[in-house]
Amino acid sequence: MIRVGQGFDVHQFADDRPLILGGIEIPHSRGLSGHSDADVLLHAITDAVLGALGKGDIGTHFPDTDPEYEGADSAKLLREVWLMAEREGFSLGNLDATVIAQKPKMVPYIQQIRERVAGLLHGELSNINIKATTTEHLGFAGREEGIAAMAVVCLVSPGK
Ligand SMILES: Nc1ccn([C@@H]2O[C@H](COP(=O)(O)O)[C@@H](O)[C@H]2O)c(=O)n1
Ligand SMILES: C[C@@]1(CO)OP(=O)(O)OP(=O)(O)OC[C@H]1O
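Residues numbered from 1 in each chain as written. Chains lettered and ligands numbered in written order. Predicted model: local features only at pLDDT ≥ 70, side-chain atom pairs only at ≥ 80, totals over all residues.

Quick note on the threshold: UniProt positions are given in the numbering used here, feature names are shortened, and annotations may be inferred rather than shown by experiment.
Naming follows an unreviewed UniProt entry, where the protein chain appears as 2-C-methyl-D-erythritol 2,4-cyclodiphosphate synthase of Melghirimyces thermohalophilus. Comment text from UniProt for the protein chain, heading Pathway (unreviewed entry), reads "Isoprenoid biosynthesis; isopentenyl diphosphate biosynthesis via DXP pathway; isopentenyl diphosphate from 1-deoxy-D-xylulose 5-phosphate: step 4/6."

Structure, rendered in structure tokens:
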């Protein structure tokens, strides 16, 4: 069986926060605001996995009104969701994600993020593509007000 899901998320920049993207800390003058660590890329991937499973979205499973998730490590949230997928017999077919950010330059960190995501999803590097684009200074990302991320995930399970 093959299941496909997509995810999209946005977080606003905030001073005095580390920038966590794809489960790693990226050197930058500002981080992102959020109830959790605000890892916008892992949130998009988490939503894509939940979408593929037909199980709602990240806010339903981990409400931003629940103090348990205040400052949460988004890698742990993704691991929890990925365990649901594995329990249903799925493994990663492939994942493709895009970070939409005017800054910082993501290219130097893409490989490290791929390795981190591969570890979280028990996937092979060759099945995990992470890329980045600016918006040519247009819109909220272009004005460096925030970062967006989108992800598409394909899950596969043997049989049918
Ligand atoms: N935050 C970003 C944005 C883009 N890149 C890399 O630059 C390339 C060109 O971006 P454009 O938005 O001008 O098309 C893009 O393909 C990425 O390789 C980046 O590293 N970090
Ligand atoms: C991750 C959660 C939970 O801490 O909070 P945020 O970091 O605010 O992220 P968002 O993508 O707005 O929604 C999902 C959440 O409920």
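Here the narrative resumes.
1. A word on the site of ligand 1
For clarity, the cut-off: Here, nearness is defined through the C-beta atom: a residue counts as near a molecule or strand if that backbone-placed atom lies within 6 Å of it. Residues are grouped as follows: Ala, Val, Leu, Ile, Met, Phe, Trp, Tyr, Cys and Pro are nonpolar; Asp, Glu, Lys and Arg are charged; all remaining types, including Gly, are polar.
Around ligand 1, the structure places Ala101, Lys105, Met106, Val107, Ala132, Thr133 and Thr134. Partitioning the shell around ligand 1 into residue classes produces four nonpolar, two polar and one charged.

2. Quick look at the UniProt feature "binding site: a divalent metal cation" (unreviewed entry) in the protein chain
Stated formally: By definition, residues are in contact whenever their C-beta atoms, placed on the basis of the backbone, come within 7 Å of each other. Only DSSP runs of H or I with at least four residues qualify as helices, and only runs of E with at least two residues qualify as strands; both kinds are numbered from the N terminus onward.
As annotated in UniProt, the feature "binding site: a divalent metal cation" (unreviewed entry) corresponds to Asp9, His11 and His43 in the numbering used here. Spanning 35 residues, the named residues nonetheless gather at one spot, since no C-alpha pair among them exceeds 10.0 Å. If near-sequence neighbours (up to four positions away) are discounted, Asp9 is found in contact with Val40, His43, Ala44, Asp47, Ala148 and Ala149. Within the secondary structure layout, His11 lies in strand β1 (residues 2-14).

3. Remarks on the nonpolar core
Condition: In this description, a nonpolar core means buried residues of the types Ala, Val, Leu, Ile, Met, Phe, Trp, Tyr and Cys, linked to one another by C-beta atoms lying within 7 Å. Exposure in this text rests on C-beta crowding, where 20 or more other C-beta atoms within 10 Å of a residue's own make it buried, 12 or fewer make it exposed, and counts in between make it partly exposed. The C-beta atoms are placed from the backbone.
Counting 48 residues, the largest nonpolar core has Ile45 and Ala149 as the members making the most contacts within it. Secondary structure elements with two or more residues in this core: β2 (19-21), α1 (40-53), α3 (74-87), β5 (91-100), α4 (110-121), β6 (128-133) and β7 (146-156). Counting residues per element, this core draws most heavily on α1, at nine residues. Look past the residues within four positions of Ala149 in its chain and what remains in contact with it is Asp9, Val40, Leu41, Ala44, Ala97, Thr98, Val99 and Ile100.

4. A few points about the environment of Phe140
Within the secondary structure, Phe140 sits in helix α5 (residues 139-142). Note: C-alpha distance between Phe140 and Ala101 (39 residues apart in sequence) is 9.2 Å.

5. Section: unusual backbone geometry
Of note, the amide linkage connecting Lys103 to Pro104 takes the cis form, showing an omega dihedral of 0°. Tracing the sequence through the fold places Pro104 in the loop between β5 and α4. Phi is positive for His122, close to 50°, though the residue is something other than glycine. With respect to the helices, strands and loops of the structure, His122 is situated in the loop between α4 and β6. Note on His122: 11 C-beta atoms within 10 Å, which makes it exposed. For His137, which is not glycine, the phi torsion reads 70° and is therefore positive. Mapping His137 onto the fold places it in the loop between β6 and α5.

6. Details of the packing of α1 against α3
Operational definition: To obtain each axis, a line is fitted to C-alpha atoms, and for helices this fit is confined to the stretch in contact; angles are then taken between N-to-C directions over 0 to 180 degrees. Throughout this description, any angle smaller than 35 degrees is read as roughly parallel, any larger than 145 degrees as roughly antiparallel, any in the 65 to 115 degree range as roughly perpendicular, and the remainder as oblique. Crossing handedness: left-handed means the near helix sits turned counterclockwise from the far one by under a right angle, and right-handed means the same turn made clockwise.
At their nearest, the axes of α1 and α3 sit 9 Å apart, and the two run at 15° to each other. As the angle between them shows, α1 and α3 are arranged roughly parallel. In this structure, the crossing between α1 and α3 has a hand that is left-handed. Here α1 contributes Leu42, His43, Ile45, Thr46, Val49, Leu50 and Leu53 to the contact with α3, which in turn contributes Ser74, Ala75, Leu77, Leu78, Val81, Trp82, Met84 and Ala85.

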